[in-house]
Amino acid sequence: MSDDTADPTRVPGAPHPRDTVRLIGQDSAQAAFLDAFTTGRLHHAWLLTGPRGVGKATLAWRLARFLLATPDPDPNDMFGAPAPTTLDIPDDHPIARRIAAGAEPGLKSVHRTENDKTKRLRDQIVVDDIRALGSFFQLSATDGGRRVVIIDAADEMNVNAANALLKMLEEPPARTTLLLVCHQPSRLLPTIRSRCRTLRLRSLTPDDMAAAMAQGGIDSAAQTAALAELSGGSVGDAMRLALQDGLKLYAEIIALLGSMPRLDRPRALAVAEAAAARGSEARLDLFYTLLDIALARLARTGATGTPPATEAAPNEAAILSRLAPHAPQARAWADTAQTALDRARHGRAVNLDPAALVLDTLFKLSATAPSQ
């Protein structure tokens, strides 16, 4: 398996999905898989779908540990081992220890890889990544054991990679289970979807979200509520925000909106310079992601006449209500947001100065704000 430093399936600074202690809020999906296993109806390919960040990758690694560590059930053996009632595998099990060390020969993880020429992470899973599975199947076939492949995320495959995977699904290797993590199933070939059994993971409840965040080291109730608001209930996105100090940046964005139409220029300049600092591409991405969220919450406030029930920044409700007091103003914000953010995306694509882009975006938005 690849070095985690080049692994796009993990949140930098957070535990890898294979190391997550337990999966929260997805009991139905786990029970459905366990039922298929214990009744001899284990499919050769499973499509793990659901909102981003709700535990699909964590479930895939749980299933991999379970499949590699659990003997096949024998319905005709009345005196054999009892059927498993959980997917849990002890941490000290040899399979679990080898998977944790990245040394399990029966498991292969496929994800976007680094381009040898540019030394940058590709934005797609390419055909060579899928074709490499052929040698994996050949090398691990002699021991007679089960093999598991995790593809994360399957909807990131390009056309050639998808076609190569389809051939494997049409003629699946013996004793092999493919686990396809998928955020957007509509992006997959219909013929791939039709050859997989789907496990749908649901959005997390507020209690599940709090438990998952506590497992990730965030146990402040106020912080958890704010992160849940901004992440749309995605634990993965919430962890990214927490680790990148996203709540502080979101508070700065709300404060800047609150200063409009007389934009607080020193504050705006400080935010722009921080987002544009050398080596802070992720910070710039985070700024525009959070600005997009703030503007969506702003437009929704005007359209519904009600600010968000949970504030994600100090004085957010009052600021959004003043800036978008009615539906016509909400439409004005929505139009300006689309224009300003499209302009910023184009500017980034042609490598314009990031600080100037941030300031330009803020000035465009400030012109839309109603007078105080």
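Residues numbered from 1 in each chain as written. Predicted model: local features only at pLDDT ≥ 70, side-chain atom pairs only at ≥ 80, totals over all residues. Heavy atoms only, no water.

Draft legend 1. Region of the structure containing the packing of aromatic side chains. Considering all chains together, one arrives at four aromatic pairs under this definition. Note that Arg18 overlies the ring of Trp61, its terminal NZ or CZ placed 5.9 Å from the centroid. (Phe/Tyr/Trp six-rings, centres within 6.5 Å; stacked < 30°, edge-to-face > 60°. Lys NZ or Arg CZ within 6 Å of the ring centre and 35° of its normal.)

Draft legend 2. Inspection of the pairing of strand β4 (residues 176-182) at higher detail. Burial analysis of β4 places seven of its seven residues in the buried class, which makes it a mostly covered element. Alternating positions in β4 separate into two faces, Thr176, Leu178, Leu180 and Cys182 on one and Thr177, Leu179 and Val181 on the other, with burial throughout. When strand β1 (residues 45-49) meets β4, the two strands line up parallel, connected through five bridges. Paired with Leu48 across the bridge in β4 is Val181. (Buried < 20%, exposed > 50% of the residue type's maximum accessible area, 1.4 Å probe, protein only. Helix = DSSP H or I, 4+ residues; strand = E, 2+ residues; numbered from the N terminus. Pairing = 2+ DSSP bridges.)

Draft legend 3. Summary view of the packing of helix α11 (residues 265-275) against helix α15 (residues 354-366). Running from N to C, α11 and α15 point in directions that differ by 140 degrees, and their axes come no closer than 8 Å. Between α11 and α15, the crossing angle belongs to the class labelled oblique. At the point where α11 passes α15, the crossing takes the right-handed sense. From α11, Arg265, Ala268, Leu269, Ala272 and Ala275 reach across to α15, where they touch Ala355, Val358, Leu359, Leu362 and Phe363. Partitioned by chemical class, the residues of the contact of α11 with α15 number nine nonpolar, no polar and one charged. (Axes fitted to C-alpha atoms, helices over the stretch in contact; angles between N-to-C directions. Parallel < 35°, antiparallel > 145°, perpendicular 65-115°, else oblique. Left-handed = near helix turned anticlockwise from the far one by under 90°. Contact = heavy atoms within 4.5 Å. Nonpolar A, V, L, I, M, F, W, Y, C, P; charged D, E, K, R; others polar.)

Draft legend 4. Representation of the sheet that holds β4 in the model. Within the open sheet, the five strands sit side by side as β2-β3-β4-β1-β5. Their pairing is parallel. The sheet is open, and its two edges are formed by β2 (107-110) and β5 (197-200), each paired on a single side. Strand after strand, the sheet turns through a mean of 20 degrees between neighbouring axes, direction not considered. Bridge count for β2 against strand β3 (residues 147-152) is four bridges, and the pairing is parallel.

Draft legend 5. Inspection of the side chain of Asp152 at higher detail. With respect to the secondary-structure elements, Asp152 resides in strand β3. We note that Asp152 is buried and unpaired, the nearest opposite charge coming from Arg52 at a distance of 7.0 Å. (Lys, Arg positive; Asp, Glu negative; His and termini not counted. Salt bridge = Lys/Arg side-chain N within 4 Å of Asp/Glu carboxyl O.)

Draft legend 6. Region of the structure containing the pairing of β1. β1 sits mainly inside the fold: five of its five residues count as buried. Pairing of β1 with β5 involves four bridges; the strand directions are parallel. For Thr49, the partnering residue across the bridge sits in β5 and is Arg200.

Draft legend 7. Up close: the pattern of salt bridges. Within this structure, the stated rule accounts for 15 salt bridges. For Glu229, the salt bridge identified is with Arg297, shortest N-O distance 2.8 Å. Here Glu229, found in helix α8 (residues 221-231), pairs with Arg297, found in helix α12 (residues 281-304); they are 68 residues apart in sequence, far enough to count as distant. What makes Glu229 partly exposed here is its relative accessible area of 30%. Classification of Arg297 as buried rests on a relative accessible area of 5%. Several salt bridges converge on common partners, so that one network encompasses Glu229, Arg297 and Glu316.

Draft legend 8. Here's a closer look at helix α10 (residues 246-259). Between its terminal C-alpha atoms α10 stretches 20 Å, which fits the 20 Å expected from 14 residues at 1.5 Å a residue. Residues of α10 that are buried include every one of Gly246, Leu247, Leu249, Tyr250, Ile253, Ile254, Leu256, Leu257 and Ser259, and no others. Where α10 is buried, its residues touch α8, α9 (235-243), α11, α12, α13 (316-323) and α15. (Expected span 1.5 Å × (residues − 1).)

Draft legend 9. How the structure looks around the packing of α11 against α12. Here α11 crosses α12 at 135 degrees, and the two axes come no closer than 8 Å. It follows that α11 is oblique to α12 by the angle criterion. Between α11, through Val271, Ala274 and Ala275, and α12, the contact on the second element is made entirely by Arg283, Leu284 and Phe287.

Draft legend 10. Up close: the confidence of the model for the protein chain. On average, residues of the protein chain score 89 in pLDDT, and 93% of them reach the 70 mark or higher. Contacts of residues 1-5 to residues separated by more than four positions or lying in other chains number nine contacts, the stretch itself having pLDDT below 50. (pLDDT = per-residue confidence, 0-100.)

Draft legend 11. Highlighting helix α7 (residues 206-215). Of the residues making up α7, those classed as buried are Asp208, Met209, Ala212 and Met213. Buried residues along α7 cover an arc of 130 degrees about the axis, so they all sit on one side. Exposed and oriented more than 90 degrees from the buried face of α7 are Pro206 and Asp207. Against the buried residues of α7 lie α8 and α9. One or two positions beyond α7, positive phi appears at Gly217, with a value near 100 degrees. (Arc of directions from axis to C-beta.)

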